[in-house]
Amino acid sequence: MRALAFLLFAVTAVHAQPRTPALIPLPAEVEVRGGAPFMMAGTTPLVVDAGDAEAQRIAGVLAALVGNTVETTPPVVEAAPGGTPAVRLRIDAEAGHGAEGYALDVSAAGVELVASAPAGLFYGVQTLRQLLPARVEYEAALYAPLPIPSVRIADAPRYAWRGMMLDVARHFFGVADVERVIDLMALHKLNRLHLHLSDDQGWRIEIPSRPALARVGGRTEVGGGPGGYYTVEDVARIVRYAADRFVTVVPEIDLPGHTNAALVAIPELNCDGRARAPYTGTNVGFSTVCVEKEETWAFVEDVVASLAEQFPSDVIHLGGDEVEELTAEQYATFVTRAQAIVEAAGKRYAGWDDVAHAGLAPGALVQVWRAQRADVARQVEAAVADGAQVVLSPSDRIYIDMKYDESTVLGLTWAGVNGVRDAYDWDPGALLDVPEAAVLGVEAPLWAETISTIRDVEFLAFPRLAGVAEIGWTPQSARSWSGYRARLGAFGPRWTALGVNHFRSPEVDWSLGGVE
Ligand code: ACM
């Protein structure tokens with residue numbers, strides 16, 4: 001009996017310790033105060049400044065989340081009766097939190113969320129969301145109120161670019177799937193969705209001046225499925241949906257290689273003027289547009305002009321990877337001219353790290369996928385010395401199309417297997433020998449050779465994408481695998497509630513989330 005009493009005491013004592021809440025990404029500064037939580041209810045007023053339409057819209061995001069759960073939607077108001085426990089959401093340009101930062105103070109008496117700009121307020125709401133019990137994610141009438149632990153948080157991201165790339169070319173993913181991806185990115189404060197819109201197996205975007213590209217080039221995909229493409233209206237819808245969640249959609253058309261679908265659709269892009277046969281396999285490196293023909297340059301100009309019109313992103317990505325059918329001189333000439341075309345359209349040029357040795361003009365963005373190769377790392381460092389910046393996507397860490405381990409059914413292994421810890425436990429500040437300001441951020445590519453449904457996307461993305469979000473957001477000094485592993489284990493019930501098909505990796509103790 002004494003032993004049992006001691007055990008109960010010990011368990012109680014452990015639970016009385018304030019524990020870091022299961023926040024991913026971890027905020028820059030979190031103080032867990034302990035003590036009574038704030039009790040959120042369907043009637044809790046969400047108070048915004050008079051006439052602040054953006055704060056009102058973002059407060060509506062929180063109201064809808066809670067309303068979905070308890071069937072009473074908290075009112076968004078400009079003033080609450082004195083003494084009423086309320087959530088106050090404020091944008092104050094003078095508050096000093098930067099473009100994406102915020103301060104959050106939760107006590108039993110009320111919640112204060114302040115940001116300097118709308119994105120910061122939205123991210124503060126995502127933090128509040130993650131502080132609420134996971135059951136808030138269910139769309140059903142569950143009992144209220146909903147406790148929010150008493151915390152004080154000061155937060156801002158480490159990097160401006162926190163991204164995911166979705167390959168919609170090898171297999172096509174429709175608008176609803178892309179919106180689902182955007183929703184899950186926003187939950188983790190990711191802000192760049194890079195769409196890989198063309199490859200050998202398919203062309204996925206309507207270019208009104210070149211209708212054959214999508215109509216003909218969009219008909220195929222890996223394995224012989226029906227393919228598909230986004231119309232101009234579809235793109236507008238995706239871009240708007242993303243912008244509402246502070247995600248910028250970055251378009252990529254891969255050139256001059258990975259172009260078989262375009263070579264099927266437009267015969268003139270081939271040096272012999274003859275249309276290529278459709279390709280539905282998974283080899284790389286065999287295709288190129290004819291770089292010596294002016295028809296090719298007219299095509300590049302038309303495509304870039306249309307991308308510039310359809311996407312507000314200040315970056316246009318023109319691929320440039322894995323070109324085996326051109327001489328080094330032809331390749332360099334192509335990259336130089338392609339960069340100039342993008343810049344003439346008022347946008348910033350981005351390419352995979354293959355472009356680093358092609359003599360880039362200052363201002364280019366190099367997406368690094370082969371940092372493990374010393375020759376590539378040195379080329380990228382030289383490009384940075386010439387005025388480029390980098391986005392880091394090391395394939396042996398955060399290519400989330402790699403298998404988790406040898407037993408994973410989906411995914412590839414050419415860059416190794418990328419476990420949950422492999423994907424998380426590295427410092428983007430130490431990958432290359434470049435100044436800190438040269439690193440714009442991190443991005444996890446998800447190539448789609450082996451995946452064709454949103455369930456597959458979720459399985460390879462989660463939990464690894466959440467780790468990438470934390471790498472991009474949280475200061476290195478605040479990150480550790482053991483701390484992350486514990487929060488990840490406790491995060492599982494939220495993904496379960498959201499129906500996210502996440503991998504229950506044996507690297508993580510999923511029982512930390514309790515009974516789901
Ligand atoms: C790439 O993985 N070919 C950029």
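Residues numbered from 1 in each chain as written. Predicted model: local features only at pLDDT ≥ 70, side-chain atom pairs only at ≥ 80, totals over all residues. Heavy atoms only, no water.

## Focus: the sheet that holds strand β19 (residues 439-446)
Here comes step 1: What the eight strands build is a closed barrel, ordered β10-β11-β14-β15-β16-β17-β18-β19; its pairing is parallel. With strand direction ignored, the average angle separating the axes of adjacent strands in the sheet is 30°.
Here comes step 2: By the bridge criterion, two bridges tie strand β14 (residues 248-255) to strand β15 (residues 315-319) in an arrangement that is parallel. Bridged to L255 within β15 is G319. (Pairing = 2+ DSSP bridges. Helix = DSSP H or I, 4+ residues; strand = E, 2+ residues; numbered from the N terminus. Axes fitted to C-alpha atoms, helices over the stretch in contact; angles between N-to-C directions.)

## Observations regarding the pairing of β19
Across a regular strand the side chains alternate sides, sitting on one face of the sheet and then on the other.
Here comes step 1: Across the eight residues that make up β19, a large majority, eight, are buried.
Here comes step 2: Here six bridges tie strand β10 (residues 161-167) to β19, and the two strands are oriented parallel to one another. Along β19, the bridge assignment pairs M165 with P445.
Here comes step 3: The pairing of strand β18 (residues 389-392) with β19 spans three bridges and is classified as parallel. Note on β19: the bridge partner recorded for L392 is V442. (Buried < 20%, exposed > 50% of the residue type's maximum accessible area, 1.4 Å probe, protein only.)

## Considerations on the packing of helix α4 (residues 175-187) against helix α13 (residues 454-461)
Here comes step 1: Contact geometry for α4 and α13: axes closest at 10 Å, N-to-C directions at 25°. By the criterion of interaxial angle, the relationship of α4 to α13 is roughly parallel. At the point where α4 passes α13, the crossing takes the right-handed sense. Of the residues in α13, those touching α4 at D177, R180, V181 and L184 are I454, V457 and E458.
Here comes step 2: In the contact of α4 with α13, the residues fall into four nonpolar, no polar and three charged. (Parallel < 35°, antiparallel > 145°, perpendicular 65-115°, else oblique. Left-handed = near helix turned anticlockwise from the far one by under 90°. Contact = heavy atoms within 4.5 Å. Nonpolar A, V, L, I, M, F, W, Y, C, P; charged D, E, K, R; others polar.)

## A closer look at the side chain of E458
Here comes step 1: Here E458 shows up in helix α13.
Here comes step 2: Taking the relative accessible area as the measure of exposure, E458 reaches 4% and is therefore buried.
Here comes step 3: Once residues lying within four places of it in the same chain are set aside, the contact partners of E458 are R180, L184, G499, V500 and N501.

## Observations concerning empty space enclosed by the protein
In this approach, a probe sized like a water molecule rolls over the atoms, and the result shows the empty space that is left.
Here comes step 1: For the structure on display, the rule yields two cavities of 30 Å³ or more.
Here comes step 2: Taken as a whole, the largest cavity holds about 60 Å³ of empty space.
Here comes step 3: Looking at the largest cavity, the residues that line it are W161, H194, V250, V315, H317, A350, L365, V366, Q367, V391 and E443.
Here comes step 4: Looking at the lining of the largest cavity, the elements with two or more residues in it are β15 and β17 (365-368).
Here comes step 5: When the residues that make up the lining of the largest cavity are grouped by side-chain class, the tally is seven nonpolar, three polar and one charged.
Here comes step 6: Taken together, M164, R180, V181, L184, I454, V457, E458, A461, F462 and L465 make up the lining of the second largest cavity.
Here comes step 7: Only α4 and α13 provide two or more residues apiece to the lining of the second largest cavity.
Here comes step 8: Ranked by the residues each element gives to the lining of the second largest cavity, the list is headed by α13, at four residues. (1 Å grid on protein atoms, 1.4 Å probe; cavity = no way out; pocket = protein on both sides within 12 Å on 5 of 7 lines; lining within 4 Å. Points joined across faces, edges and corners; volume = space filled by probe spheres on them.)

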